Amino acid sequence: MSGSNNPYGGSYGGQMTASASFGAAPAASAPAGGYVSDTSTAGFTKDVLEESRRQPVLVDFWAPWCGPCKQLTPVLEKVVNEGQGRVKLVKMNIDDHPSIPGQLGIQSIPAVIAFVDGRPVDGFMGAVPESQVRQFIDKLAGPPGADQAAEIEAALGEAETLLAGGEIQEAAQLYGAVLQADPENAKAAAGMMQCLIAMGETARASQMLASLPEELAKDPAIQAVAKKLEHIEEARKLGDPVALERQLDADPDDHDARLKLAKILNVQGERDKAAEHLLTIMRKDRTFDDDGARRQLLAFFEVWGPKDPATIAARRRLSSILFS
């Protein structure tokens with residue numbers, strides 16, 4: 001499922017919040033070369049010290065007469081611009097502004113000093129090759145993509161909280177944003193399908209499931225959604241829940257009606273009630289449907305997940321029945 005043919009990322013990803021831009025915001029706000037600038041003695045505090053509290057800043061001390069500087073500076077600019085905001089490059093002409101390099105003890109150029117949180121933390125001298133510049137920046141800012149991966153994980157956690165709290169549209173926006181950045185993220189795909197299901201758009205959720213690559217569809221999070229869709233489709237064929245409740249009022253031992261009602265209640269989100277019906281069948285008749293109530297409850301657990309409160313409560317009660 002690529003970003004270009006993902007029919008769900010576009011629905012919500014276009015409205016992504018700023019917190020879900022995954023490093024794209026700096027690229028959008030900064031033109032080509034926007035990560036490279038010149039500074040002066042007067043501007044050093046703002047351009048370097050203050051800016052380094054937001055991301056690492058490299059200061060390139062150079063002079064027009066310096067031949068090695070002319071070799072190094074284009075390499076620095078290339079690598080920094082390719083980094084799309086992992087670090088910034090600030091150039092200072094030491095002929096025009098000798099005070100700062102003098103205070104830092106710069107005696108030979110080219111010299112590159114890295115600033116983080118307002119203070120110098122590392123540096124190198126001389127016209128080093130591009131590979132060494134990349135290694136220096138990786139050491140300073142972490143491997144490429146590390147920041148994006150952390151942002152994606154944070155967005156997924158936020159989306160999960162929103163979904164659990166019933167803020168479906170907001171959760172869908174975040175899941176859509178993640179899918180724009182990482183089209184084969186299983187958690188985001190599963191979360192988006194959960195949002196579609198919660199909005200009653202099960203057909204779109206099924207369509208999305210069918211469009212997933214085979215390997216991605218094997219992910220446990222995706223499989224749980226697939227089983228949930230199966231339960232929804234099955235529940236549609238089980239009849240009227242009100243009529244089933246009347247049947248149980250007339251005959252509390254109608255286990256077939258109780259099993260059907262449990263399946264319907266599950267897809268309606270009444271997990272505790274669904275579990276209670278299945279546990280009731282187990283207490284009364286473990287032989288019904290070849291222990292079908294227990295098997296159905298375990299199937300619910302797979303969809304609900306091990307940390308869901310309904311799973312925890314029902315599993316505790318199940319254990320008391322099995323081992324009492």
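Residues numbered from 1 in each chain as written. Predicted model: local features only at pLDDT ≥ 70, side-chain atom pairs only at ≥ 80, totals over all residues. Heavy atoms only, no water.

Student: Is there a simple way to think about the pairing of strand β2 (residues 57–62) in this case?
Tutor: Each regular strand displays side chains that alternate between the two surfaces of the sheet. Across the 6 residues that make up β2, a large majority, 5, are buried. Read as a crossover between parallel neighbours, the route from β2 over helix α4 (residues 67–82) to strand β3 (residues 88–93) is right-handed. Taken together, the 5 bridges between β2 and strand β4 (residues 111–116) define a ladder with antiparallel strand orientation. Bridge pairing in β4 places Val-59 opposite Ile-113. (Buried < 20%, exposed > 50% of the residue type's maximum accessible area, 1.4 Å probe, protein only. Helix = DSSP H or I, 4+ residues; strand = E, 2+ residues; numbered from the N terminus. Right-handed = clockwise from strand over helix to strand, strands pointing away. Pairing = 2+ DSSP bridges.)

Student: Is there a simple way to explain the state of the cysteines in this structure?
Tutor: Put plainly, a disulfide is one covalent bond tying together the sulfur atoms of two cysteines. A full pass over the atoms with the stated rule returns 1 disulfide. Paired through a disulfide, Cys-66 and Cys-69 show a sulfur-sulfur distance of 2.4 Å. Linking Cys-66 and Cys-69, the disulfide has an S-S dihedral of approximately 80 degrees and is accordingly described as right-handed. Both residues of the pair, Cys-66 and Cys-69, count as buried. (Disulfide = S-S within 2.5 Å.)

Student: How do you make sense of unusual backbone geometry when you look at a structure like this?
Tutor: The amide bond that connects Ile-109 to the next residue, Pro-110, takes the cis arrangement and shows omega of 0 degrees. Position of Pro-110 relative to the elements: it lies in the loop between α5 (99–103) and β4. Despite not being glycine, Asp-290 has its phi angle at roughly 55 degrees, a positive value. By relative accessible area, which is 62% here, Asp-290 ends up exposed. Of note in the backbone geometry, Asp-291 takes a positive phi value of approximately 60 degrees without being a glycine. Along the chain, the position of Asp-291 falls in the loop between α15 (271–284) and α16 (292–304).

Student: What is the right way to look at helix α10 (residues 202–211) in this model?
Tutor: Given 3.6 residues per turn, any residue in an α-helix points the same way as the ones three and four places further on. Residues of α10 that are buried include every one of Thr-202, Ala-205 and Met-208, and no others. On an axial view of α10, the arc spanned by its buried residues comes to 120 degrees, and they lie on one face. Relative to its buried face, α10 has exposed residues pointing more than 90 degrees away, namely Ala-203 and Ala-210. Buried residues along α10 sit in contact with α8 (168–181), α9 (186–198) and α12 (220–235). (Arc of directions from axis to C-beta. Contact = heavy atoms within 4.5 Å.)

Student: What's the story with α16 in this structure? I'm lost.
Tutor: In this model, α16 (13 residues) spans 18 Å end to end at C-alpha, consistent with the 18 Å of a helix rising 1.5 Å per residue. When we look at burial in α16, the residues that qualify are Gly-292, Ala-293, Gln-296, Leu-297, Ala-299, Phe-300, Phe-301, Val-303 and Trp-304. Following α16 by one or two positions, Gly-305 adopts a phi angle in the positive range, close to 95 degrees. (Expected span 1.5 Å × (residues − 1).)

Student: Can you help me understand the confidence of the model for the chain in this one?
Tutor: Predicted coordinates in areas of low pLDDT are best not read in detail. Per-residue confidence for the chain gives a mean pLDDT of 84; residues scoring 70 or more make up 88%. When pLDDT is averaged over each element of the chain, β3 comes out on top at 95 and helix α2 (residues 24–29) at the bottom at 36. Confidence drops under a pLDDT of 50 for residues 2–21, and excluding neighbours within four residues, the segment shows 38 contacts in the predicted structure. Per-residue pLDDT stays below 50 along residues 23–33; that stretch engages in 8 contacts with residues further than four places along the chain or on separate chains. (pLDDT = per-residue confidence, 0-100.)

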